[in-house]
Each structure stands twice: as structure tokens, then as C-alpha cells.
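# A closer look at the structure
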Amino acid sequence: MESKKKLIEPRTLKGFRDFTPDMMIPRERLIERISKVYRNYGFSPIDTPVLEYLEILSGKGSDETDKQLYQFQDHGGREVGLRFDLTVPFARFAAQHIGELGTPFKRYHLAKVWRGENTQAGRYREFMQCDFDTIGTTSVISDIETALVINDILEKIDLRSEATFTRFKIRLNSRKILNGLLEKLGLLDQTTQVLRALDKLGKIGRDAVIEEMITTASSTNDQANAILDVATLSGQPNSEILTQLEKTLAGSVLGEEGIATLRQILEAVVVAGIPEERFVLDVSIARGLDYYTGTIFETFLDDIPQIGSVCSGGRYDNLAELYTKQKLPGIGASLGLDRLFAGLEELQMVEKVVSPVKILIPFFDESLGNEYLKLAAILRRNGIGVEVYPDAKKLGQQLKYADKKGFVFAIVIGSSEFEKQMAQVKNLKEGIQREVSIANQAEELIHFFQQEN
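Residues numbered from 1 in each chain as written. Predicted model: local features only at pLDDT ≥ 70, side-chain atom pairs only at ≥ 80, totals over all residues. Heavy atoms only, no water.

### Re the side chain of Gln223
Note on placement: Gln223 falls in helix α10 (residues 221–231). Under the relative-accessibility criterion, Gln223 is labelled buried at 17%. Of the polar contacts made by the side chain of Gln223, one reaches the backbone nitrogen of Thr220; its length is 2.8 Å. Discounting chain neighbours no more than four positions away, the residues touching Gln223 are Leu185, Leu187 and Ser218. (Helix = DSSP H or I, 4+ residues; strand = E, 2+ residues; numbered from the N terminus. Buried < 20%, exposed > 50% of the residue type's maximum accessible area, 1.4 Å probe, protein only. Polar contact = N/O pair within 3.5 Å; in protein donor to acceptor, adjacent residues only side chain to side chain. Contact = heavy atoms within 4.5 Å.)

And the structure:
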């Protein structure tokens, strides 16, 4: 007697998830909008392998990212890892290909990355990043352009409409300001430890950060307080914060360079027509990754700042030197698609759509299958998406399917309609219908749907 086959329980790993059509269709729309912004600024798409040699990835982010690396030996006994971000692989990519690409080189890369971290709302172990970078120049123009791209992306995120979204803030700082302050305090050799502690300010508070600086960075209580006094400059116009920083960092070459760059960025975004209040100087921003050297950005949605930064980045002038002797300074940012999408869902800014097209042709008459397929082909050739129902079921059942999938129109045609070369076009949302000619290669029907779109 044949034994019963044991069924495998269908399940996903913790921190990983499936995407159903009602999630993927708006995600793809968001990806299309982001990609369009990148291309408008001259960024070109690239792709890199999901697996890299472990030495390419390890030690390039932080102790935290090293702990979160998915790493193993492949079948050839090589030590490999899954990429934890797209910037480190890009630095390797640039070092390998810059001879043929030339500089400056501007790229964008939309792909999944993996980190074995604790999961929480909007945070997963497999997630998608949407990166853009300029490599091969230290010009402040690239810093300014990075700020402009971040702004333009966030303005396009409302998936309910084409309207400009404005309820977000772009916070910016410079590692040079923080390093200049540490230089004046005699703590430059403890930069990594200080910045990692400072990066936790919003989570653990001032007292805990000071305690961590004293413990891990060998700072005194006075030194730690001096750092926090500068880092917590806020609630004032950007110009006043810059003036205070100029006084505090007078004589520090690094600090003065950082201040000058921030001033140029803030002046340029206003010239570009962006409201001044959208950019906020925040000296507490340190960014947890070790490779940043200059301007840094973090972006928060006004209504749900608690989900964290949805688009972050900055200047990294030394990262590529790990792979090449050629000087390849870079700057860029990464939009976390999954975190942003979770935020948009919370803000009810995502329209749930199950079907990627608006029009259904019901299989109304079993003898007319080829005619339905012919009409659908004509519409598609004219850029009008349409689905043909595959079975000759009762019209009511097919219209129920259309309603569940979110179709807007149904083109109902029986044998008598074909004889008269007319179709009944039902607007399923408004409950109305009209008769439209399908003569002359469905010219009138095509015109009708082009107007509707």
C-alpha cells in the first residue's frame, strides 16, 4: 500500500515575506517613479551580484553590520557573504570598471540586500534599497545634487495621485563638523566610538550616550557634554546654527570645510525653488556606517518620524581606496523602499490594486473566443492594457471577478453586438454604461479609453 506523502508546511523565514499583487503593483509604481527621478538627473542603472567575497563586505560598514552579515562557504570552499547594502559593492564595482566608465560616474541601483537583524515594523532581514551615487568628484555640486534628488524622490511618493508630497524633512550634517569638534577636544582617535554612541542619541537619550562615550571612547564627562552641546543645537534657523558652529569650531580646518559645504547646500536648494524649512541642520546626525567622511543626510516623514529615516546617505571619499589605488571619492544616498512603503501604508497613501490593467473583456459568447482575443490585441497595440476572461461563464460571475480585482471597465460583446460592430462599455465603479463602436479596428473604442486615461 502506497504511503501517504507528507505535506510540507508552506511558510517563510522570519524577517522575509511574500508580496501579493495588491502589494507589488503599488511597489512597482513607486519604483518606476524613483527610477524616473534618478534618470532625470543623468544616473545610469547598474546591477551587481548578490554574493560577494567576504573580504569585500566585512569591516566596511560597522561592527553591527559585520554581526548581521549572512556569510558562509560556497561549494568551492570560498568565504562569501550576501551584500548588506549597495554602496560597498558599488565601491568594488567602480574600482573594477572605472577605467571604461570614466569619471565622474553616476549610477543608480535598485535591488535587495540582507541583514540578519532583529525584525520590527518596517524593518526586515531581506529588504530593497534604491541607491544613487556619484563617484570620482569632490565637487560640492554633487553634494547639492544629492540633496535635490532626495527632495524630488520624496515629492513623488503619494501613490494615490500625481500631486506633490511635502510633509517630510531632510536633515543634514557633516562628518567634518563632528570630526573637527573631536579634533579640538583631543578625541580624534576615538572618532568611531564617539560617533557610534552619538548615533544612538534619539533612541537612548543624552545621559546614556554620555555614559557610553565615557566607557567606550575614553572621554571625560566634560568632553562628552561638549560634544552633546554641539550635537543638540536645534530649534533655531539654519543660519543661526551655522553661526554658532563657526564660533565653536574656529581654527579647525575640518570643521570650517564642513560648515562651508553645508552653507552652500542650503543656499543652493533655496535657489532651486525648494522651501527653506524643508532642510534642517541636525548636528546630532552621525550615521552608523564608518565610511562616511563629509555631508550626511537623513529624511523623515513629518507624520510618522518614529519609523526612522526613509532616505539616508552622504559623502564617502575613501571607501574605494580599499580596492584600488585610484582616488575615487563618492557621494550618494539610499531610499529604503520597504520602510517607506510601510510608512505610506500607515498614512493610507497606498491605493490597493489587484489588477495591473483597468479593462476586462468578459468571455460572453463561447463561439467568439478568437474575436475577443483579436479585439484585445488591437487595444494592446495602441497602448491600452486589457485582460480577457479565460472561461465562458455567466456574465454575473465574470463581473464579480472584475469587481474583486478592481477593474474599472468591462467591454461586453455578444454575437449581436459583433454583427452591429458595437460594444457595451460598462463603468464598473460608477455603474453606468455606453455603447461604443468597434468598427475600423476599434478606432472609436481606442479613442474612448485614451480619453479615460
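### Quick word on a nonpolar patch on the surface
On the surface, a nonpolar cluster with roughly 220 Å² of combined accessible area is contributed by Val50, Leu51 and Phe72. As for its position among the elements, Leu51 is in strand β2 (residues 51–53). (Patch = residues over 30% accessible without salt bridge, like charges linked within 9 Å, V, L, I, M, F, W, Y side chains within 5 Å. Areas by Shrake-Rupley, 256 points an atom, 1.4 Å probe, with all protein chains shown as cover. Salt bridge = Lys/Arg side-chain N within 4 Å of Asp/Glu carboxyl O.)

### Quick notes on the sheet that holds strand β16 (residues 432–437)
Taken in spatial order, the 5 strands of this open sheet run β13-β12-β14-β15-β16, and their pairing is mixed. Only two strands of the sheet have a single partner each, and these edge strands are β13 (386–388) and β16. Each neighbouring strand pair of the sheet contributes to a mean axis angle of 25°, computed without reference to strand direction. Two strands pair when backbone bridges link them, and strand β14 (residues 409–412) and strand β15 (residues 422–427) are joined in this way by 4 bridges, in the antiparallel orientation. Across the sheet, residue Val412 finds its bridge partner in β15, namely Gln424. (Pairing = 2+ DSSP bridges. Axes fitted to C-alpha atoms, helices over the stretch in contact; angles between N-to-C directions.)

### Re the pattern of salt bridges
What the rule picks out here adds up to 20 salt bridges. A salt bridge links Arg17 to Asp338; the nearest nitrogen and oxygen atoms lie 2.7 Å apart. Pair noted here: Arg17 is in the segment before α1 (21–40) and Asp338 is in helix α13 (residues 337–346), with a separation of 321 residues, a long-range link. Arg17 gets classed as partly exposed once you look at its relative accessible area, which sits at 22%.

### Quick look at the sheet that holds strand β11 (residues 330–336)
Spatial ordering of the open sheet is given by β1-β5-β6-β11-β10-β9-β7-β8, a layout of 8 strands whose pairing is mixed. The outermost strands of the open sheet, each flanked by one partner alone, are β1 (44–45) and β8 (279–281). Looking at chain direction, strand β7 (residues 168–174) and strand β9 (residues 295–301) are connected through 7 bridges and run antiparallel. Residue Arg171 lies in a different strand from β9, and its bridge partner there is Glu298. This element, helix α6 (residues 175–185), spans β7 and β9 of the sheet and lies at about 40° to β7.

### Some remarks on the nonpolar core
If you look at the biggest cluster of nonpolar residues, it comprises 75 residues, and the most contacted ones within it are Leu154 and Leu301. With 8 residues, helix α5 (residues 140–155) is the single largest residue contributor to this core. Residue contacts for Leu301: discarding those within four places in its chain leaves Leu154, Ile157, Phe165, Arg167, Phe168, Ile307, Val310, Leu340 and Leu347. In terms of nonpolar packing, the next biggest core, distinct from the first, is built from 26 residues, Phe363, Ala376, Val408 and Ile411 among them. (Core = buried A, V, L, I, M, F, W, Y, C linked by side-chain atoms within 4.5 Å.)

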